[in-house]
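Single-letter residue listing:
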Amino acid sequence: MKFIKPAWLTHSGEQKDFEVYSCHVSPDGTRLATAAGDGHVRIWSVDAVLGAGDPNYAKPKQLCHMSYHSGTIHTVRFSPNGRWLASGADDKIICIYHLDTNPPAHSASFGTNEPPPVENWKILRRLIGHENDVQDLGWSYDSSILVSVGLDSKIVVWSGHTFEKLKTLSVHQSHVKGITFDPANKYFATASDDRTIKLFRFTSPAPSATSHDSINNFVLEHTIVAPFTSSPLTTYFRRCSWSPDGNHIAAANAVNGPVSSVAIINRGLWDSDINLIGHEGPTEVCTFSPRLFSKQEMSAETTDGSGYSTQALVTVIACAGQDKTLSIWNTSSSRPLVVCQDLAAKSISDLAWTPDGLTIFASSLDGSIIALEFEIGELGFIAPWTENDKALQKFGVNRRGVGVVEDVAALRLEERSKAGELRGAEGRMGALMGDAATNPPPATNGNGTSTPMSGVVATAPVVTNGRGAQDSPAAAPTSSAPAAAPAPAADPNAAKLEAMKQRVTITKEGKKRVAPLLVSSSGTGLSSLPQSQLMAASSSSNAQNDAPQSILDLSKPYDGLPRGGLAAMLLGNKRKAAVLEDDEHEDQGNKRPAAGGANGPIPIMINGVNGVEPAIPMPPANGVVPTPEFLRPAVINPSMSISQVRLAVPKVRVHILRSLDRGTLPPPASGTNSTNGVDESLKVTDDVVFEALNPGPSPAQTRDPSKISATKRGAILWQDFLPRAVILVTGNKNFWAAACEDGSIYTWTPAGRRIFNALVLEAQPVIIECRGWWLLCITAVGMCYVWNLKTLASPHPPVSLAPILDIAMHSLGTHTTSAPGVTSAHLNSTGHIIVTLSNGDGYLYSPTMFVWQRLSEAWWAVGSQYWNSNDSSIGSLQSTGVGPDPKKAGEASSTNISAGIIPHLERHTTNEVLLKGRAYHLQRLIKTLLSREGFENFESGVSIAHLENRVAAALQLGARDEFRIYLFMYAKRLGAQGLKTKVEELLRSILGGILQEKKDGELQVEKGEGWLSEDDKLCGWDRKELLKEVVLILGKFRELQRLTVQYSRVLGMDEDEHGA
């Protein structure tokens, strides 16, 4: 082994040598490219470097230098086909160079000491696609794509032929610092500071591929997390490498416990069971030698008849990093072959092997470039390139990405499917060409009798699986003797059809032509065209149209009646129709001129936040108009004008996204590092994103359908289209739902199947939420709908929000008044509606009593001593009753029904009322009341009432844990106050009917619910256990011991408690 470090092999500057960030060897092994902080890419002769010790070597050393970047160059890579050289820098640009066969035009740069260029490398393209430094580049092995990664967390895929941007992948959560390609050309892997390596599957694109063709290419396959859970974020690079046999990925900057290591990741399972340990600092780069090695020299004894090796082949890998040490390993040994300590004065930034596998170049941040040349047999004996190809054959190298038939059954199914498809196509073509019989016998219903539908004449042949009824297996004779072929039925239209086919016409020029025959006119079958299209084509433009001639434009607020008075509003309520260029029959007279247009009125007053305000002069619409966040207001349903409740309708947005895990935010990172590590990467990996894309704002696009899609890991799971604009979406692991501006709701299964018809409502949905199988929708007129999509039922009829919006107080006025706004609406796991308002109140709708119940309000927040003083155990209750359902599968258990809803509502009241200062007047009122005569027990009474409200709410919601906690708080307060009658009633109601014997002859009375139920359980708790704990709480209060002792005796509690 020789170390070669020529003094001239640097990027020298006036003061010091510049840091060298990258090096790479060309595929033919003759050129070494280096990139450094001076903004230059330099190309050196490999022969000159290896012959640096020969004083007689007279050939050029530096072949060329390029300085097209304006900053530090971080990476330089030759394409495997040798045609291109790519470099990426901190100016966010990638430069593509190619070798011009013409000699260089100039001898040397004026004013520099640079040697004259020997080769003419010219810049071909400058690729702009990153928003921050480009950190690493990688070419696919067939040079069909170039992938760049950078500090903007993006991965950009470029065509290796046209250098167009094919796709941008934004799946990493932090800087991406390494890229490597699978030599079998199936995957590439990227390494990032989010402590993951992500694997992407791809198929080599065609030379003319565009970004549209690459939508379903370059999809995230797997995320590797385990070896990097606590890897440091201090490395400049994370340059990983794929082994030449395709079996392993070597990942730099991994950790094994507290020790830095290089992780060897296995292909297929993508797990890591081997770590290369020994480096004292984090590793920045690891590179596999491009060749396979054998222990013995290749000879006739060690090869088979085909010329392939019979001995085990190993790979060689080099690793380096911040400890300035280079280590070289092979896969047959657990110890490194070579360890070179203090190879440089600073961190080693990049490594590059020559194609023959005998030389490795190392670049360092101290400005040095070192070559290590090995002798033949020192690392092992180099296997021929055919061994690489043989090793990659099992991964399908050079095969396009086609599916493989896994078993015979799959092949048979495929054949049957294709045969059925072919028969269907033949049947349709036969029907079009008039081959089928005109009047076939009607199909039988299974018992040999014909059951034609009354009033319907059969004119088309009965087709089963693309064949006539006569050809179907069911109609075949069952005897083993060969059946006589039936005589073909005479076609009465055959002669007429034949004559029509031969009809000859003479054109104006005197030429004879056979007139084309319209298939539908032959009377041999139904037309394949939709009937509506045929009817529309035959109708004249003068025919009367039922659509209203006056179209009301609701895209802007409009004070005053439209032309023609109120009648026009009642005629129709449509969005302004898009004006098509070829629409010559448009009635221009009935359109309202657009406000502010060239010919329209200019508004002088507009509806502002504080009422009517002077209009701002509108600038002329010139230049590029930015795309708005929303397209326009939704079309308002006319029922809004006569409803008592009117809720604001969301505007139609261009792009609506919904994540499956929305609401389940990751816990804060426990470590000191800035990323969330494993949790964040796994959440992003497994998340499904539901996306609705509405047509654009231009008039020509308003008739386009809305596009619905679900994506996972960047790959589209399914797509659908809707004829109307989508305004809201929701979804969970059971279903997805989208609400449209015409008041209809569409639902899909997780796989994208529509198994329910559209749900049509009386007004636009303004809130849509889901939980489990429950779906909640609140419309613009304040109606709440709840459906269970599993049982296809609703727990109650639609209910209005009017009662909780204080309509009882405001409906007496003659003018429209503002009501408290709805801040959230949720469902619990049993389908109960929970609504919060901007005045701080929280409500529950009782489906059994058909009434709204107030669970939280500002009165308790101001007057109760128990506000914000929850028992410590309440803090551990997570709010699972609202937001997404945390359970992975199955139904919600009885223990977590409505858990955390009451604390959630009270926190909301605190935020809306106390923190925003809305309770100021109420606080002053109560403060003055406390000092007045007759209000001495006011605070105590409000506190007990608040606890009773909490207990009742928990019982109504079925919130098991909260009920028990609040009940004990309530019992303790009653005992402290000495309220004997309330305590006695509480104990009696907890006891219920558990000690009563049921008599046979007794009349059955109405069964009670809640406190008055006679079951053995109360809100999921055993009544006896609850009673024991309440008695224990009350036992310390002496004035209540006459009561508590009696209950302790009945319950058979300990004698110690009895004598207390």
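Up top you'll find the structure we're talking about.
Each value, and the rule that gives it
Residues numbered from 1 in each chain as written. Predicted model: local features only at pLDDT ≥ 70, side-chain atom pairs only at ≥ 80, totals over all residues. Heavy atoms only, no water. Helix = DSSP H or I, 4+ residues; strand = E, 2+ residues; numbered from the N terminus. Buried < 20%, exposed > 50% of the residue type's maximum accessible area, 1.4 Å probe, protein only. Contact = heavy atoms within 4.5 Å. Areas by Shrake-Rupley, 256 points an atom, 1.4 Å probe, with all protein chains shown as cover. Pairing = 2+ DSSP bridges. Axes fitted to C-alpha atoms, helices over the stretch in contact; angles between N-to-C directions. Phe/Tyr/Trp six-rings, centres within 6.5 Å; stacked < 30°, edge-to-face > 60°. Core = buried A, V, L, I, M, F, W, Y, C linked by side-chain atoms within 4.5 Å. Polar contact = N/O pair within 3.5 Å; in protein donor to acceptor, adjacent residues only side chain to side chain. Expected span 1.5 Å × (residues − 1). Arc of directions from axis to C-beta.

A few words on the overall build of the chain. Regarding its fold elements, the chain presents 17 helices and 57 strands. When each of the 1060 residues of the chain is scored for burial, the buried share is 44%. By sequence separation, contacts in the chain at least 24 residues apart represent 55% of the contacts at least 6 residues apart. Of the roughly 56500 Å² of accessible surface on the chain, 54% is carried by carbon and sulfur atoms.

We now examine the sheet that holds strand β13 (residues 165-169). What the 4 strands build is an open sheet, ordered β10-β11-β12-β13; its pairing is antiparallel. Pairing within the sheet leaves two strands with one partner each, and these edge strands are β10 (134-139) and β13. Adjacent strand axes in the sheet meet at a mean angle of 20 degrees, parallel and antiparallel pairs treated alike. As paired strands, strand β12 (residues 155-159) and β13 are joined by 4 bridges and run antiparallel to one another. From the neighbouring strand, Val157 faces β13, where its bridge partner is Lys167.

Right, let's get into the packing of aromatic side chains. For the coordinates displayed, the defined rule picks out 26 aromatic pairs. Ring centres of Trp8 and Trp44 lie 5.9 Å apart, and the angle between their planes is 40 degrees; this geometry places the pair in the tilted category. With Trp8 in the loop between β1 (2-4) and β2 (20-25) and Trp44 in strand β4 (residues 41-45), this residue pair connects regions lying 36 residues apart in the sequence. Ring pairs connect the aromatic residues Phe181, Phe188, Phe200, Phe202 and Phe218, which therefore count as one cluster.

Among the nonpolar cores identified, the biggest contains 43 residues, and Phe963 and Val1030 are the most heavily contacted of them. Put simply, the parts of the chain that give this core at least two residues each are α10 (901-914), α12 (938-957), α13 (960-977), α14 (980-991), α15 (1023-1034) and α16 (1041-1051). Of all the elements, α13 adds the most residues to this core, at 9 residues. Apart from the residues lying within four places of it in its own chain, the contact partners of Phe963 are Val951, Ala954, Leu955, Trp1011, Leu1018, Cys1019, Trp1021 and Leu1026. Core analysis: the next-biggest nonpolar cluster, separate from the first, contains 42 residues, Phe735, Ala737, Leu789 and Tyr845 among them.

Position of Ser243 among the secondary structure elements: in the loop between β18 (241-242) and β19 (248-256). A polar contact of 3.2 Å, which involves the side chain of Ser243, links it to the backbone nitrogen of Asn247. Filtering out sequence-adjacent residues up to four positions away, Ser243 remains in contact with Pro183, His248, Phe288 and Thr315.

Relative to the helices and strands, Arg335 is located in the loop between β26 (326-330) and β27 (338-340). Under the relative-accessibility criterion, Arg335 is labelled exposed at 63%. As for Arg335 and Gly278, which are separated by 57 residues in sequence, their C-alpha atoms are 9.3 Å apart.

If you check α10, its first and last C-alpha atoms are 19 Å apart, about what 14 residues at 1.5 Å a residue would give, namely 20 Å. Taking burial as the measure, the 14 residues of α10 include 10 buried ones, the bulk of the element. Residues of α10 that are buried: Ile901, Ile902, Pro903, Leu905, Glu906, His908, Thr909, Thr910, Glu912 and Val913.

Between its terminal C-alpha atoms α15 stretches 16 Å, which fits the 16 Å expected from 12 residues at 1.5 Å a residue. Taken as a whole, α15 has its buried residues at Arg1023, Leu1026, Leu1027, Val1030, Val1031, Ile1033 and Leu1034. Projection of α15 onto a plane perpendicular to its axis shows the buried side chains occupying an angular sector of 155 degrees, all on one side. Put simply, Asp1022 is the residue that caps the front of α15, since its side-chain oxygen is 3.2 Å from the backbone nitrogen of Lys1024.

Strand β28 (residues 348-353) sits mainly inside the fold: 6 of its 6 residues count as buried. Bridge count for β28 against strand β29 (residues 359-364) is 5 bridges, and the pairing is antiparallel. Residue pairing in the sheet places Leu351 in a bridge with Ala362 of β29. Count of turn residues in the β28/β29 antiparallel hairpin: 5 residues, of which Gly357 carries a positive phi of about 75 degrees.

In this section: the sheet that holds strand β42 (residues 706-712). Two modes of strand pairing occur in sheets, parallel and antiparallel, and in both the strands are linked by backbone hydrogen bonds. Spatial strand order, β40-β41-β42-β43: 4 strands in an open sheet with antiparallel pairing. The open sheet has two free edges, formed respectively by β40 (655-659) and β43 (715-722), since each of these has just one partner strand. Mean inter-strand twist for the sheet, computed between neighbouring axes without regard to direction, equals 15 degrees. Looking at chain direction, strand β41 (residues 688-693) and β42 are connected through 6 bridges and run antiparallel. When the bridges of β42 are listed, Ala692 appears paired with Ile708.

Keep in mind these numbers describe shape, not what the thing actually does.
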